[in-house]
Amino acid sequence: MKYINKKLKIESINIQNIAKKFGTPAYCYSYKQLKENINNFKKNFKSFSPLICFAIKSNTNVNLIKEIKKFGLGADVVSMGELMMAIKAGINPKKIIFSGVGKTSNEISYAIDKKIFLINAESKSEIMEINRIAKLKRKKIQIGIRLNPNTDAKTLNQISTGKKENKFGVNKKTFFEIINNFKNYKNIELKCLSVHIGSQILDHKPYEKMLNVVSKILNQTNHKFEFIDLGGGMGISYDDNSKKLNYKKYNIAIKRFLKNHKSKIIFEPGRSIVGNIGILISKIIYIKETEKKNFIILDAAMNDLMRPALYGTNHKILPSIKTNINSKKTYEFVGPICESTDKFTTLKNFQKLKEKDLIVICDVGAYGMSLSSNYNLRPKAIELLIKTSKIIVIKKRQKHKDLM
Ligand SMILES: *Cc1c(COP(=O)(O)O)cnc(C)c1O
């Protein structure tokens, strides 16, 4: 995105024109940025060519997943719905991993029928259940075990998953119990050790710690894991001066790890692939000045973009037309929903705004639309993809009649 003659453009297309043609609120993704992200991700780890499984939960749009598939990525899914969507998008089941703490018998059965690559189990009970269902189907299927490495990802508490108080994975003691009794499970093969310590990680050190924990555990067992799944979690910059994850150091740590443990590495990135490819275009409905605050009331709300209300995070906001006239007032950007947490951000010295102006909320490609809801019975926004200077509708705007 950049300003040309003071007008904000995404891949040379004017935001004003997109809004005029497709209405607001509108999610809009850049194909060019998607391609760049995937190629960079591959380049960062090219010396050991990992299997990259896109975390579907970060963006579940079938047409976007189809584009991601064309780069050879597999999928990491956490529900039957996501598994169905990955298959619908044409992802080869041999590249699909099923994660999650509470897979139901139905979901496990469906995954086995679809012959997916791996089911990453997260408890002893789940392993028994997978073995039971596989036995009924007279099959032998590949699984992984998710280890909880008790490593602080140094990210938001709400998106930390690798500490011992988190519900995810099994601890070291259970891990060894499972491996030592594995001969009892005749219908499953233990192929993979997986970890995923959290999301929006910007410091490489937690990853180094995580690798050390995994390495120590591998040294204490004779079981040979063909695959080590390091999960996702690579963070992106949501504001201009935040730090960036040092991929070089993460790559070096993995290469060091691979010297002692010969296995194929798997990644499950979501945010780092799609986070910065998307914007949410929104129109100002009203400006409401009160004794305490100046509210910019947008036509986008927490049902469209939940992250600020759910995690207290901030997304950058840009005006669609730059005027260089700054307001002396502090603006609070809110949505129309009947919740006080329906608030995007508070900004000082922002450009002076007026009603009907368009603004753009940045970096909403991951956990934006996929976390959206129909709360307040608001229809879901349209989703657009900009590819080779064309605007493609990749999901229509929901209509009220769809909700009645
Ligand atoms: C959510 C999730 C991911 C993706 O996380 P990002 O931070 O989006 O990269 C990967 N693996 C598992 C098991 C997950 O739950």
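Analysis parameters
Residues numbered from 1 in each chain as written. Predicted model: local features only at pLDDT ≥ 70, side-chain atom pairs only at ≥ 80, totals over all residues. Heavy atoms only, no water. Pairing = 2+ DSSP bridges. Helix = DSSP H or I, 4+ residues; strand = E, 2+ residues; numbered from the N terminus. Buried < 20%, exposed > 50% of the residue type's maximum accessible area, 1.4 Å probe, protein only. Contact = heavy atoms within 4.5 Å. Phe/Tyr/Trp six-rings, centres within 6.5 Å; stacked < 30°, edge-to-face > 60°. Lys NZ or Arg CZ within 6 Å of the ring centre and 35° of its normal. Near = heavy atom within 4 Å. Polar contact = N/O pair within 3.5 Å; in protein donor to acceptor, adjacent residues only side chain to side chain. Areas by Shrake-Rupley, 256 points an atom, 1.4 Å probe, with all protein chains shown as cover. Nonpolar A, V, L, I, M, F, W, Y, C, P; charged D, E, K, R; others polar. Right-handed = clockwise from strand over helix to strand, strands pointing away. Patch = residues over 30% accessible without salt bridge, like charges linked within 9 Å, V, L, I, M, F, W, Y side chains within 5 Å. Salt bridge = Lys/Arg side-chain N within 4 Å of Asp/Glu carboxyl O. Lys, Arg positive; Asp, Glu negative; His and termini not counted. Charge placed at Lys NZ, Arg CZ, Asp CG, Glu CD. Axes fitted to C-alpha atoms, helices over the stretch in contact; angles between N-to-C directions. Parallel < 35°, antiparallel > 145°, perpendicular 65-115°, else oblique.

Focus on the sheet that holds strand S1 (residues 2-4)
Moving on, step 1. Strand order in the open sheet made by the 3 strands is S1-S2-S3, with antiparallel pairing throughout. The sheet is open, and its two borders are formed by S1 and strand S3 (13-14), each paired with just one other strand.
Moving on, step 2. Pairing of S1 with strand S2 (residues 7-10), which is carried by 3 bridges, proceeds in the antiparallel orientation. Across the sheet, residue Lys-2 finds its bridge partner in S2, namely Lys-9.

Here we look at helix H5 (residues 105-113)
Moving on, step 1. The complete set of buried residues in H5 reads Glu-107, Ile-108, Ser-109, Tyr-110, Ala-111 and Ile-112.
Moving on, step 2. On its buried face, H5 is in contact with helix H4 (80-88), strand S7 (96-98), strand S8 (118-121), helix H6 (124-136) and strand S9 (141-146).
Moving on, step 3. Two residues or fewer past H5, Lys-115 is found with a positive phi of approximately 55°.

Notes on the packing of aromatic side chains
Moving on, step 1. According to the stated counting rule, one finds 19 aromatic pairs in the structure shown.
Moving on, step 2. Pairing Phe-175 with Phe-176 gives two aromatic rings, centres 6.1 Å apart and planes at 80°, and the pair type is edge-to-face. For the pair shown, Phe-175 and Phe-176 are each scored as buried.
Moving on, step 3. With 6.5 Å between their ring centres and 70° between their planes, Tyr-331 and Phe-350 make a pair best called edge-to-face. Here Tyr-331, found in strand S16 (residues 331-334), pairs with Phe-350, found in the loop between strand S17 (343-347) and strand S18 (358-361); they are 19 residues apart in sequence, far enough to count as distant.
Moving on, step 4. Residue Phe-350 is classed as buried on the basis of its relative accessible area, which comes to 10%.
Moving on, step 5. Linked through ring pairs, Phe-41, Phe-45, Phe-48, Tyr-207, Tyr-247, Tyr-250 and Phe-267 together constitute an aromatic cluster.
Moving on, step 6. One cation-aromatic arrangement involves Lys-387 over Tyr-31; the distance from NZ or CZ to the ring centre is 4.6 Å.

Things to note about the site of the ligand
Moving on, step 1. Inspection of the region around the ligand gives 14 residues, with Lys-57, Ser-199, Gly-233, Glu-268 and Tyr-367 positioned closest.
Moving on, step 2. A distance of 3.4 Å separates a nitrogen atom of the ligand from a polar side-chain atom of Asp-76.
Moving on, step 3. At 2.9 Å, a backbone N or O of Gly-270 approaches an oxygen atom of the ligand.
Moving on, step 4. For the ligand, whose free accessible area comes to 380 Å², the fraction covered by protein is 93%.
Moving on, step 5. For the shell around the ligand, a count of residues per class yields 3 nonpolar, 6 polar and 5 charged.

Observations regarding the side chain of Thr-174
Moving on, step 1. As for its placement among the helices and strands, Thr-174 is situated in helix H7 (residues 172-180).
Moving on, step 2. Residue classification places Thr-174 among the buried positions, given a relative accessible area of 18%.
Moving on, step 3. A polar side-chain atom of Thr-174 sits 2.7 Å from a polar atom in the side chain of Asn-171.

What about the pairing of strand S10 (residues 188-194)?
Moving on, step 1. Counting buried residues in S10 gives 6 out of 7 residues, a clear majority hidden from the surface.
Moving on, step 2. With 6 bridges joining them, S9 and S10 adopt parallel strand pairing. By the bridge assignment, Ile-145 is partnered in S10 with Leu-193.
Moving on, step 3. The parallel pair S9 and S10, bridged by H7, forms a crossover whose chirality is right-handed.

Some thoughts on a positive patch on the surface
Moving on, step 1. A cluster of basic residues, Lys-43, Lys-46, Lys-255, Arg-256 and Lys-259, forms a positive patch at the surface.
Moving on, step 2. Looking at the positive patch, the element that brings in the most residues is helix H9 (residues 247-260), giving 3 residues.
Moving on, step 3. Structurally, Lys-46 can be placed in the loop between helix H2 (31-44) and strand S5 (51-55).

Some details on the packing of helix H8 (residues 204-219) against H9
Moving on, step 1. Two numbers describe how H8 lies on H9: the axes approach to 9 Å, and their chain directions differ by 10°. When the axes of H8 and H9 are compared, the pair comes out roughly parallel. On the side of H8, the interface is formed by His-204, Tyr-207, Glu-208, Met-210, Leu-211, Val-214, Ser-215 and Leu-218, while H9 contributes Lys-249, Tyr-250, Ala-253, Ile-254 and Phe-257.
Moving on, step 2. Its residues assigned to classes, the contact of H8 with H9 comprises 9 nonpolar, 2 polar and 2 charged.

Keep in mind these values describe shape, not function.
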